[in-house]
Amino acid sequence: MNIEDNDPRCLVSCFEPAKVAAVRMRLEQDESDIKAVVRIFDVLGNRTRLRILLALASEELCVCDIAHVLNLSISAASHQLRALHDRDWLRMRNDGKMVYYRTDPQKIKHLLSMTNTFLEAHIA
């Protein structure tokens, strides 16, 4: 690291430029899959969102009930539900003014399977 200008990049000469170029190319080719996996882990890596998924795995619940289950404000629960719904991890049902959520098990299984397949293919 270049301490003088806080440049975090390695300043040592590249010892194996062909290997570096090949790895860069593979990463660039996998970029869309990498972004998809990051989005999945973004959901699973958030404690609140994971708890919501687990809560909704067994029961359909409205926003208010989810807030009570997780001891959140309705606004915080709604924000997290929106993030999950926008990623297609949840199904939503309106009943008058009430909004009910439940997991989409097939979608979640597909996303986890895709992630597992991608990682197994690249980390072996």
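Model, not experiment: these values are computed from the prediction.

### Concerning the sheet that holds strand β1 (residues 61-62)
Taking strand neighbours across the sheet as the criterion, the 3 strands line up as β1-β3-β2 in an open arrangement whose pairing is antiparallel. In the strand order of this sheet, the two ends are held by β1 and β2 (90-95), each with one partner. Two elements, β2 and strand β3 (residues 98-103), share 6 bridges in a ladder whose sense is antiparallel. Bridging across to β3, D95 finds its partner in M98. Against the sheet, helix α3 (residues 47-58) touches β1, β2 and β3, its axis set at about 95 degrees to β3.

### Considering the pattern of salt bridges
Applying the stated criterion to the full structure yields 5 salt bridges. One salt bridge connects E60 with R93, and the closest N-O pair in it is separated by 2.6 Å. Of this pair, E60 sits in the loop between α3 and β1 while R93 sits in strand β2, placing them 33 residues apart in sequence. Since its relative accessible area comes to 36%, R93 is described here as partly exposed. With its nearest N and O atoms 3.0 Å apart, the salt bridge here joins R91 to D104. In this pair, R91 sits in strand β2 while D104 sits in the loop between β3 and α6 (105-122), placing the two residues 13 residues apart along the sequence. Among the charged side chains, a network of salt bridges with common partners joins D42, R49 and R87.

Definitions and cut-offs
The numbering scheme is per chain: residues are counted from 1 as the chain's sequence reads. Under the rules for a predicted model, residues below a pLDDT of 70 receive no local features and side-chain atom pairs below 80 are neither given nor counted, while totals for whole chains, interfaces and linings still include all residues. To obtain the side-chain values, all non-hydrogen atoms of the structure were used and water was disregarded. Pairs of strands are assigned from DSSP output, requiring at least two bridges between the strands. Labels follow the DSSP assignment, with helices taken as runs of H or I lasting at least four residues and strands as runs of E lasting at least two, numbered in each case from the N terminus. Whether two residues touch is decided by their heavy atoms; if any such pair falls within 4.5 Å, the residues are in contact. Think of each axis as a best-fit line through the C-alpha atoms, taken over the contacting stretch in the case of a helix, with angles from 0 to 180 degrees between the N-to-C directions. Basic side-chain nitrogens of Lys or Arg form a salt bridge, by our definition, when they fall within 4 Å of a carboxyl oxygen of Asp or Glu. Accessibility here uses a 1.4 Å probe with only protein chains present; expressed as a share of the type maximum, an area under 20% marks a residue as buried, one over 50% as exposed, and anything in between as partly exposed.

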